[in-house]
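Letter by letter, the chains look like this.
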Amino acid sequence: MARMHTSHPNPTEEPRMPAPEPSPPQSSLLAAASRSGANADVERILRGPSGLGTAGLRLARREEPPAPPAPPTPSAVPAEGNPIPGLYHHPVPEPDPVRVEEVSRRIKDWALDEVDLYPEEWEEQFDGFSVGRYMVACHPDAPTVDHLMLATRLMVAENAVDDCYCEDHGGSPIGLGGRLLLAHTALDALHTTREYQPRWAESLHSDAPRRAYRSAMEYFVQASSPSQADRFRHDMARLHMGYLAEAAWAQTDHVPEVWEYLAMRQFNNFRPCPTITDTVGGYELPADLHAQPAMQRVIALAGNATTIVNDLYSYTKELASPGRHLNLPVVIAEREGLSERDAYLKSVEVHNDLMHDFEAEAAAVAVAFPVPAAQRFLRGVAAWVDGNHYWHQTNTFRYSLPDFW
């Protein structure tokens, strides 16, 4: 068993992202490329494409993305709930209560009046999700509430798909692929003949998940660049593929090996949420910088770590639900022959290793790509990671910890 990282404190006063000047950690990024090579990539990206007919395709060179708003003043009120003992994380200030209240009001109006998302008997669960507090905590640099609502609608729509197609509210692994494919066309439009186009357009209003996806994506496309919108569609396809892998295992009653489970969780995870942090922040990480392998590794590690946080905080909730729910402690217990307690504690170590790798790789990318948009994007992803933990820790309506300590 790997050793627990207990020597790392969780101070709020230490910066999340190291300044670019110090030497970066010895990571896979620096093993693969030199500093000069990375800088050459940056210059090439900012110059834009070259050659016949490409003059109109160059990026507008902007030295600085819009400055983020000042961070909220930390609240003296302690956060609800208790963090998991030994879990490596960074506490965050309490989210701005004015923004939380406004986002909560707007998202409920959208859910009820615009997309008819849920029946009256689900209202307590919708309110208990505390999505306004979640999104304000995860996006501290959002310039306006309108920007926050871009992420909030998408988060609620994604959860509607998960609940209604996969989980608690009528979900089933049987036939999931067909349902997901049709829902995905609300994000990635069908291009077909005139005869069949109206039937497809009508189908986008046929159930709550598709109504939510269609509406949330329309708002997002209005605020994002074509590249940002396409990035999100691609990440949602990844998410849906992860849903299908988990559903296939459920249908065959298969418990994957631990590495197989972690592979599935790299797709069935939170990745679509932090990757829109630039749109929510009102700026854009250029597509070529987003596509750099080193940046992709940072994003993947962030998604993986935040998803294991969900496994750990939802552990007792899932144990109390009907059927067997796969999560990392359950898989480790079965595949490695550990007790429930030891499997849970080892899962904490797996999370901590992912977090340390994420932070080391992010620091290396910050050095290798000293471009303002890249620096801000890395800070935004780190803020999302911290806000995601905050929400899980404080959402005592949904989550409670096992008695393992």
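Residues numbered from 1 in each chain as written. Predicted model: local features only at pLDDT ≥ 70, side-chain atom pairs only at ≥ 80, totals over all residues. Heavy atoms only, no water.

This part takes up the side chain of Gln-375. Mapped onto the elements, Gln-375 comes out in helix H18 (residues 372–394). For Gln-375, the side chain forms a polar contact with the main-chain oxygen of Phe-369, separated by 3.0 Å. (Helix = DSSP H or I, 4+ residues; strand = E, 2+ residues; numbered from the N terminus. Polar contact = N/O pair within 3.5 Å; in protein donor to acceptor, adjacent residues only side chain to side chain.)

Moving on: the packing of helix H3 (residues 97–114) against helix H6 (residues 145–166). At a minimum axis distance of 10 Å, the contact between H3 and H6 shows a crossing angle of 50°. The orientation of H3 relative to H6 falls into the category oblique. Of the two elements, H3 crosses H6, and the hand of that crossing is right-handed. Contact residues: H3 offers Arg-99, Glu-102, Val-103, Arg-106, Ile-107 and Trp-110, while H6 offers Val-145, Asp-146, Leu-148, Met-149, Thr-152, Arg-153 and Val-156. Residue composition of the contact of H3 with H6, grouped by class: 7 nonpolar, 1 polar and 5 charged. (Axes fitted to C-alpha atoms, helices over the stretch in contact; angles between N-to-C directions. Parallel < 35°, antiparallel > 145°, perpendicular 65-115°, else oblique. Left-handed = near helix turned anticlockwise from the far one by under 90°. Contact = heavy atoms within 4.5 Å. Nonpolar A, V, L, I, M, F, W, Y, C, P; charged D, E, K, R; others polar.)

This part is about the pattern of salt bridges. With the rule as written, the count across this model stands at 20 salt bridges. Across the pair Glu-123 and Lys-108 runs a salt bridge, and its minimum N-O distance is 2.6 Å. Of this pair, Glu-123 sits in helix H4 (residues 123–128) while Lys-108 sits in helix H3, placing them 15 residues apart in sequence. In this structure Glu-123 comes out as partly exposed when scored by relative accessible area, which is 30%. For Glu-218, the salt bridge identified is with Arg-214, shortest N-O distance 3.0 Å. Note that Glu-218 and Arg-214 are positioned in helix H9 (residues 208–223) at a spacing of 4 residues, about one turn of the helix. Bridged by salt links that share partners, the residues Glu-102, Arg-105, Arg-106, Asp-109 and Asp-146 form one connected network. (Salt bridge = Lys/Arg side-chain N within 4 Å of Asp/Glu carboxyl O. Buried < 20%, exposed > 50% of the residue type's maximum accessible area, 1.4 Å probe, protein only.)

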